[in-house]
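Structural overview for review
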Amino acid sequence: SRVHENKRMIVLIPKFTAIIPFLLSFLTLLADVTNAYSIPMTMTMNAKHTLYDVPVSNNGARVRIILYKKGITSEEVDIVSPMEIGGLKSESFQKLNPQGKMPCLTINHDIGVSDSSSIPESDTICRYLLHTYEHEGPSFLPNSYQSNLIARIHDMYLTTIQGCLYKATPPFGIYRTRAKAIEEFERQLSIINDLVSENGLYLLGDDVSLADATIFPTLVFAKFMLPKFGRSGELPSKLEKWYNNVVVGDADFEKVHQEVTSSLQKWDSSGRWDQIWLAGLIDNDPETIFDKIVAGDIPASIVYSDDDVLAFQDINPAAPAHLLVIPKDRANLSGLSKASDDHIEILGKLLKVAGDLSKDASLGFSDGARVVINDGPDAGQEVAHLHIHVLGGRSMTWPPG
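My aim in this report is to walk through the structure given alongside it, one point at a time. Computed from a predicted structure; not experimentally measured.

Cut-offs used in this document
Counting of residues starts from 1 at the beginning of each chain's written sequence and follows it residue by residue. Selection of residues for local features in this predicted model requires a pLDDT of at least 70, selection of side-chain atom pairs for listing and counting requires 80 or more, and totals for whole chains, interfaces and linings are taken over all residues. Water and hydrogen atoms were dropped before computing side-chain values, which therefore reflect all heavy atoms in the structure. Only buried Ala, Val, Leu, Ile, Met, Phe, Trp, Tyr and Cys residues count toward a nonpolar core, and they belong to the same one when joined by side-chain atoms within 4.5 Å. Buried, partly exposed and exposed residues are distinguished by accessible area as a fraction of the type maximum, computed with a 1.4 Å probe on protein chains only: under 20%, between the cut-offs, and over 50%, respectively. In DSSP terms, a helix is any run of H or I states spanning at least four residues, a strand is any run of E spanning at least two, and both are numbered starting from the N terminus. For this analysis, residues touch if any pair of their heavy atoms sits within 4.5 Å. Note on definitions: salt bridges are taken to be side-chain nitrogens of Lys or Arg within 4 Å of carboxyl oxygens of Asp or Glu. By the convention used here, strands pair only if DSSP detects at least 2 bridges between them. To define axes, lines are fitted to C-alpha atoms, for helices over the stretch in contact only, and angles between the resulting N-to-C directions are given on a 0 to 180 degree scale. A helix is expected to span 1.5 Å multiplied by its residue count minus one. Polar contacts, as used here, are pairs of N or O atoms within 3.5 Å; protein pairs need one atom able to donate a hydrogen and one able to accept it. Residues neighboring in sequence count only if both atoms are side-chain atoms.

Let's shift gears to the nonpolar core. Residues L129, L165, F216, L219, L239 and W242 are the most contacted members of the largest nonpolar core, which totals 64 residues. Mapped onto this core, the elements with two or more residues apiece are α2 (58-70), β3 (104-107), α4 (122-132), α5 (145-158), α6 (178-193), α7 (210-225), α8 (237-249) and α9 (251-269). Broken down by element, this core gets its largest block of residues, ten residues, from α7. With near-sequence residues (within four places) excluded, L219 lies in contact with L189, L235, L239, W242 and Y243. Core analysis: the second largest hydrophobic core is formed by 16 residues, A311, V353, L363 and F365 among them.

Given below as C-alpha cells:
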C-alpha cells in the first residue's frame, strides 16, 4: 500500500544519508586515479594546445616569439606554468616530457591528430607551429639553410653549455670548468656572428627567421650574465647591432626581452650569483711564490708544463727525487680543503701528472713514489697555493713525521 511505501522510504533515507560521505570519498579517489593516468588539461579548457613554459626560459621564449609574431591567441595555444601540474619533476609533467624540461606543447583536440599528444623540445615545437600555422603571419623562413644552420649551432653548442652562466656547479656540457665553458660560449657567438647579414632588421635580412627567434632569448641571457663573470656585455659586432636594432624595431622581440630580463632581475635580487665561482666568488688571496713561478718572474727547474699544470723541482728536496705539481691558475684553491665541484677536473689532472712523473727514472724515481698534499698549518703547508709533493728515489717509512 502507499502507506507502507512511504514508511519504507522514510526508513531508507537515513540509511542513504549515512553512506553519502563514503560515496563522496570513492568519487574523489576515482577522480584522482583517472587524473593520474590522463594528460592534464590547460587552464583555458577550450585551447587547442597548451604550452608549458615560464618567462625566464630562453628555449621557451623562442616559441613565444613565434606565437606573438604570428598572432596565435590563447584559444589556440595557452601558455601555462609547469607548476600548475606540480612542476617539472612531477609525475604529470614527466608523462608529457620524460626529460623533465621546458618547454613542452600538448596537442589537446580538433587538429587532426590523436587527442592529448605532447611535443617536447623547443625546436620541434617551433617547426610544428610553423607548419600548423603556416598561413598566419611571417613564415620564419623554414627552408633557409642559413637560418637552420644558426639554429643548429645554437642548440648544439650554446644551449648545451649555457648553464655556465647561471648554474652553481659544473659540469657544463662537456666542460668541467666554468672558465673554459664561458670561453667556448663566446667562441660560438663569434662563429654565429660570421653568418649574420649586414643588411635588414633581422639576422638574414628583411625577413624574420627561425634563427632570430632561436638565438635572441639566449643573447638576452648573455648580455645580462656575462658581465657578472668579468666579461664584456657587448656581443660580436654584427650580433650586437642586430640585437640592439631588433629590441627597438620589433615589438614582439621587445616583449620577450622584457619577459626574460624581468625574470633574470628577480634571480639577481635573490642572490643567485653570490655563491657562483667567478661571479660572486673570486680569488682575492695575495699572490704567492708559485704564482710568480708560473708567470716566469722567478726561475724554477721545470720538468712539466701544459695549459693547466706546472711541475718543478723542490728547492729543498726531502728525497733524491722531489717534485712539486701545481695548478697554474690557483682559482681559490689555496689548499685541498678549499676544493669544490669547480675543482674536480684540475684535481684529477694534478694527480695524473704526478703519477706520470713518478714513473720517470730520469728524474730520479725508481720503484714507486710517495704523493703528499699538505693542507693547512698543522700539516706543514707553507705556500697558500695547492701543491702536490712527489717524492721518490729511496724507501719511505711509515708513519711520516
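Within the structure shown, the criterion is met by 20 salt bridges. We note a salt bridge from K48 to E76, for which the minimum N-O separation is 3.6 Å. On the criterion of sequence distance, the pair formed by K48 in the loop between α1 (2-36) and β1 (49-52) and E76 in the loop between α2 and β2 (77-80) is long-range, its members being 28 residues apart. Look at K48 and you get partly exposed, because its relative accessible area is 25%. The salt bridge partner of R187 is E184, with a shortest N-O separation of 2.9 Å. Linking R187 with E184, this pair stays in helix α6, spanning three residues, or about one helical turn. Judged by its relative accessible area of 46%, R187 falls in the partly exposed class. One salt-bridge network, in which partners are shared between bridges, spans R62, D123, R127 and D155.

We now examine the sheet that holds strand β8 (residues 369-372). The five strands lie next to each other as β5-β6-β7-β9-β8, forming an open sheet whose pairing is antiparallel. Edge positions in the sheet fall to β5 (302-305) and β8, since each of these pairs with one other strand and no more. Across the sheet, the mean angle from the axis of one strand to that of its neighbour is 20 degrees, orientation sign disregarded. Where strand β6 (residues 309-313) lies against strand β7 (residues 321-327), five bridges are found, and the strand directions are antiparallel. Bridge pairing in β7 places L310 opposite I326. Packing against the sheet, helix α11 (residues 344-357) makes contact with β5, β6, β7, β8 and β9 (388-392), and its axis sits at approximately 160 degrees to β7.

Across its 19 residues, α9 extends 27 Å between first and last C-alpha, which sits within 8% of the 27 Å expected from 1.5 Å per residue. What α9 keeps buried is the set D252, F253, V256, H257, E259, V260, T261, S263, L264 and W267. Buried residues belonging to α9 abut α2, α7 and α8. Backbone nitrogen of D252 and a side-chain oxygen of the N-cap are separated by 2.9 Å at the start of α9; the cap is D250. Where α9 terminates, the next one or two residues include G271, which has phi positive at roughly 85 degrees.

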